Amino acid sequence: MTRQNYIFTSESVSEGHPDKVCDRISDAVLDALIAEEPEARVACETFATTNHVVIGGEVGLADQQKLSQYMDKIETIARECIKDIGYEQDKFHWNTCKVTNLLHEQSAHIAQGVNASNDKDEGAGDQGIMFGYATDETEQLMPAPIHYAHGILKRLAEARKSGEEPTLRPDAKSQLSLRYENGVPVEVTQLVLSTQHADENQSSADIRAIVEPYIREVMPDGWLTDATEWWVNPTGKFVIGGPDGDAGLTGRKIIVDTYGGAAPHGGGAFSGKDPTKVDRSAAYAARYLAKNVVAAGMAKKCTIQLSYAIGISKPLSIYAETYGTGEVDESVIEAAVAKVMDLTPRGIREHLELNKPIYQRTAAYGHFGREPDADGGFSWEMTDLIEALKKAC
């Protein structure tokens, strides 16, 4: 049985964090290419620093001659992302920063391992291990610390973009330490919020006065107490932000993207990768399966691990862990998830309908714990396998 009384901490970062700017651009490029060719192969990486964005990686299209015509759109895509995030500062402005595009054709050797042929099914885009996790401590079946850390920053971004809080700027980070009692989150012991702001003369107390009402709006009643320690802009000033303050890179916020450290992570990042890359699609499938296991009442907590080899279609292994909360044996869950879903790369893509331009929206505030969209976005958050899992068990 896992510990019942403890304090656990998770952090989140805003859409204006330098790494998230890069995730957003990489996923926007992916969406643009998938919109043109649903089975496009894309591995797009972005680097951002003062007044400069560099985009690189590989693209595989059915007709590689079309690649050059898509390349002309990349700079515009990057600038639109930066503009929507809200960067118009002197040393990082959507309209004046330099954009360098170094995308090129996918390796033929990788393609031959991944692509389907007459004698083989589509293979995984790489080797690796992927984890999915779910817990019943929130309605979204997500760990509470990361769920509410995301919620705070998302609400502040809404206030900034609507004009309610014109002195806030895009770059921000949050961190929550929650006290658990009998396995249930009951209190915030420490709250950290650092947000970029426009006015050099604004103090930490000024910023707290701005952000506190929004934080209280997001947090459950009673979790913020007189004993909660607040750390708002603890360095005192945060005017220089975004890629001008700190360089950004795609894929550096994998724990923010997933479960805030409450569950294992295989190490692979998500953004900029098309769904043949199991780093992304199998992690989505593992979350989907773990969430449905918990939603079906089979466990209060569940981790699912999948493993793959490059060019091989079937997963090499399936592992389930329920931390002593399971109503059925883990081996039964492992057999059941393999029955209710085809876990080959093609099977995952088709089951979750992943060959759609649905990825840019995942680039900030977490890939999990979101509401499924009507157009297929966040399809891995559906709980439509409950009856199939019960039957399989």
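In this text the structure is predicted, and so the values were computed from the model without any measurement. (Residues numbered from 1 in each chain as written. Predicted model: local features only at pLDDT ≥ 70, side-chain atom pairs only at ≥ 80, totals over all residues. Heavy atoms only, no water.)

### Quick notes on the UniProt feature "domain: S-adenosylmethionine synthetase central" (unreviewed entry) in the protein
Then step 1. Taking the UniProt record as the reference, the feature "domain: S-adenosylmethionine synthetase central" (unreviewed entry) is found at residues 122-238.
Then step 2. Annotated as residues 122-238, this span is 29% helix and 34% strand, and its ends, taken at the C-alpha atoms, are 48 Å apart. (UniProt positions renumbered as here; feature names shortened; annotations may be inferred. Helix = DSSP H or I, 4+ residues; strand = E, 2+ residues; numbered from the N terminus.)

### Description of the environment of leucine 289
Then step 1. Take leucine 289: it is sitting in helix H7 (residues 278-295).
Then step 2. According to the relative accessible area criterion, leucine 289 is buried, its value standing at 0%.
Then step 3. In the structure, leucine 289 is positioned 51 residues away from valine 340 in sequence and 9.2 Å away in space, judged by C-alpha atoms. (Buried < 20%, exposed > 50% of the residue type's maximum accessible area, 1.4 Å probe, protein only.)

### Some words on the domain arrangement of the protein
Then step 1. As assigned here, the protein comprises domain 1 (6-13 + 144-242), domain 2 (18-114) and domain 3 (128-136 + 262-392).
Then step 2. Distance from the C-alpha centre of domain 1 to the C-alpha centre of domain 2: 31 Å.
Then step 3. At the junction of the two partners, domain 1 supplies eight residues and domain 2 supplies seven residues.
Then step 4. Across the domain 1/domain 2 interface, buried area totals approximately 600 Å², and carbon plus sulfur atoms make up 51% of it.
Then step 5. A per-residue breakdown of the area domain 1 buries against domain 2 is headed by Lys161, Pro170 and Gly242, which together make up 56% of the total.
Then step 6. Where domain 1 packs against domain 2, one counts one salt bridge.
Then step 7. The salt bridge partner of aspartate 84 is lysine 161, with a shortest N-O separation of 3.5 Å.
Then step 8. Among the elements of the structure, helix H4 (144-162) and strand E8 (168-181) are those that each provide at least two residues to the side of domain 1 that touches domain 2.
Then step 9. Among the residues making up the side of domain 1 that touches domain 2, the classes are represented as two nonpolar, three polar and three charged. (Domains from an automatic or database assignment. Contact = heavy atoms within 4.5 Å. Buried area = accessible area lost by both parts, 1.4 Å probe. Salt bridge = Lys/Arg side-chain N within 4 Å of Asp/Glu carboxyl O. Nonpolar A, V, L, I, M, F, W, Y, C, P; charged D, E, K, R; others polar.)

### With respect to the packing of aromatic side chains
Then step 1. Under the counting rule described, the total for this entry stands at eleven aromatic pairs.
Then step 2. Ring geometry for phenylalanine 270 and tyrosine 284: centres 5.7 Å apart, planes at 65°, overall edge-to-face. Within this pair, whereas phenylalanine 270 is found in the loop between helix H6 (254-257) and H7, its partner tyrosine 284 is found in helix H7, the two being separated by 14 residues in sequence. You'll find phenylalanine 270 and tyrosine 284 in the same group, each marked buried.
Then step 3. Among the aromatic residues, those joined into a ring-pair cluster are Tyr133, Tyr259, Phe270, Tyr284, Tyr323, Phe368, Phe378 and Trp380. (Phe/Tyr/Trp six-rings, centres within 6.5 Å; stacked < 30°, edge-to-face > 60°.)

### Some details on the sheet that holds strand E10 (residues 229-232)
Then step 1. Reading across from one edge, E1-E8-E9-E10 is the order of the four strands in this open sheet, with mixed pairing throughout. Two strands lie at the open edges of the sheet, namely strand E1 (6-13) and E10, each paired on one side alone. Averaged over all adjacent pairs, the angle separating strand axes in this sheet is 15°, with direction ignored.
Then step 2. Taken together, the eleven bridges between E8 and strand E9 (residues 184-197) define a ladder with antiparallel strand orientation. Opposite alanine 172, over in E9, you have threonine 195 as the bridge partner.
Then step 3. This element, helix H5 (residues 204-218), spans E8, E9 and E10 of the sheet and lies at about 120° to E10. (Pairing = 2+ DSSP bridges. Axes fitted to C-alpha atoms, helices over the stretch in contact; angles between N-to-C directions.)

### A closer look at the pattern of salt bridges
Then step 1. Throughout the structure, instances matching the rule amount to 28 salt bridges.
Then step 2. The salt bridge involving lysine 173 is made with glutamate 11; its shortest N-O contact spans 4.0 Å. With lysine 173 in strand E8 and glutamate 11 in strand E1, this pair connects stretches of sequence that are 162 residues apart.
Then step 3. The exposure class of lysine 173 is partly exposed, given its relative accessible area of 35%.
Then step 4. Residues participating in the shared-partner salt-bridge network are Glu15, Arg24, Asp84 and Lys161.

### Quick notes on the sheet that holds strand E11 (residues 248-249)
Then step 1. Spatially, E6-E3-E2-E11 is the arrangement adopted by the four strands of the open sheet, whose pairing is mixed. The open sheet is flanked by strand E6 (98-105) and E11, the only strands paired with a single partner.
Then step 2. Here strand E3 (residues 52-60) pairs with E6 via eight bridges, running parallel. Paired with glutamate 58 across the bridge in E6 is histidine 104.
Then step 3. Lying on the sheet, helix H2 (residues 67-85) is in contact with E3 and E6; it crosses E6 at an angle near 140°.

### With respect to the packing of H7 against helix H9 (residues 345-352)
Then step 1. Two elements in contact, H7 and H9, have axes separated by 10 Å at closest approach and are oriented at 60°. As the angle between them shows, H7 and H9 are arranged oblique. Between H7 and H9 lies a crossing of left-handed hand. Here Val278, Ser281, Ala282, Tyr284, Ala285 and Tyr288 of H7 lie close against H9, whose contacting residues are Pro345, Ile348, His351 and Leu352.
Then step 2. Partitioning the contact of H7 with H9 into residue classes produces eight nonpolar, two polar and no charged. (Parallel < 35°, antiparallel > 145°, perpendicular 65-115°, else oblique. Left-handed = near helix turned anticlockwise from the far one by under 90°.)

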